[in-house]
Amino acid sequence: ANLKDFKDFYVEFTALQLIEVSLMDVSHAWILTLLQELLHQKEKGNETSSTAKQRREASFQHCEKIVAFMKELLILIEENHHTAVINFLHARNFSPADYKVSIIATIALFCEAHPPFVSRHLLVFLPYLKGDSELSPAQNVAVCGYVMKILESVAVLEKSNLSFVNPDRIIEDLVTIA
């Protein structure tokens, strides 16, 4: 194994840990605070501003990889074709539905901490506003809430970044849901 494989493993391992913590802890405020401090904290102790900038850039890159991995994991669970993922969930006594909710909740936290992490993946989350037949009504409500938080956070970005989203269609979907 080379260094790249190790870094990929580390990203995946970190993402899985965050998802599981999110699954077990209803209050996500401390995770959000941790992410915000990690990403936006100024110099620490004797750290120079250039060292702090390098640390923050590395943190941003790592978080972008974590979000991308979580999005891919969500897609694999949705497609229910990846045997290793399903076996992993069963071995940990997690249902695919619970894990989907937790992944979306965790991604919403990353989005709230730094919206650009999720803005390029936004199209993956919009269908969840219509509901998911594999989720219970309570899970659907939670997922819709998380997706709305994602939309709320991403909406502060420049309009050009959201040009692929048809606002009329979102309004239609929300009216249909109600």
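Residues numbered from 1 in each chain as written. Predicted model: local features only at pLDDT ≥ 70, side-chain atom pairs only at ≥ 80, totals over all residues. Heavy atoms only, no water.

A. Region of interest: the layout of surface pockets. There is about 220 Å³ of room inside the second largest pocket. Considering the residues around the second largest pocket, the lining is formed by 13 residues, among which Thr14, Leu18, Leu34, Leu35 and Leu38 are closest to the centre. Within the residue set of the lining of the second largest pocket, elements represented by two or more residues are helix 1 (3-24), helix 2 (29-40) and helix 3 (49-79). The element best represented in the lining of the second largest pocket is helix 2, accounting for five residues. (1 Å grid on protein atoms, 1.4 Å probe; cavity = no way out; pocket = protein on both sides within 12 Å on 5 of 7 lines; lining within 4 Å. Points joined across faces, edges and corners; volume = space filled by probe spheres on them. Helix = DSSP H or I, 4+ residues; strand = E, 2+ residues; numbered from the N terminus.)

B. Region of the structure containing the confidence of the model for the chain. Of all residues in the chain, 79% have pLDDT values of 70 or greater, and the mean over the chain is 80. Across the chain, the element-wise mean pLDDT spans from 62 in helix 9 (residues 167-177) up to 91 in helix 8 (residues 137-154). (pLDDT = per-residue confidence, 0-100.)

C. Looking closely at the packing of aromatic side chains. Here the structure, examined in full by the defined rule, presents three aromatic pairs. Here the aromatic rings of phenylalanine 9 and phenylalanine 13 are separated by 5.9 Å at their centres, their planes lie at 20°, and the arrangement is stacked. Within this pair, phenylalanine 9 and its partner phenylalanine 13 are both found in helix 1, separated by four residues, close to a single helical turn. Look at phenylalanine 13 and you get partly exposed, because its relative accessible area is 38%. When the ring of phenylalanine 60 is compared with that of phenylalanine 117, the centres are 5.8 Å apart and the planes differ by 50°; the resulting orientation is tilted. You can see phenylalanine 60 sitting in helix 3 and its partner phenylalanine 117 sitting in helix 6 (residues 116-119), a full 57 residues away along the chain. No difference in accessibility class separates phenylalanine 60 from phenylalanine 117, as the two residues are buried. Through successive ring pairs, a cluster of aromatic residues spans Phe60, Phe110 and Phe117. (Phe/Tyr/Trp six-rings, centres within 6.5 Å; stacked < 30°, edge-to-face > 60°. Buried < 20%, exposed > 50% of the residue type's maximum accessible area, 1.4 Å probe, protein only.)

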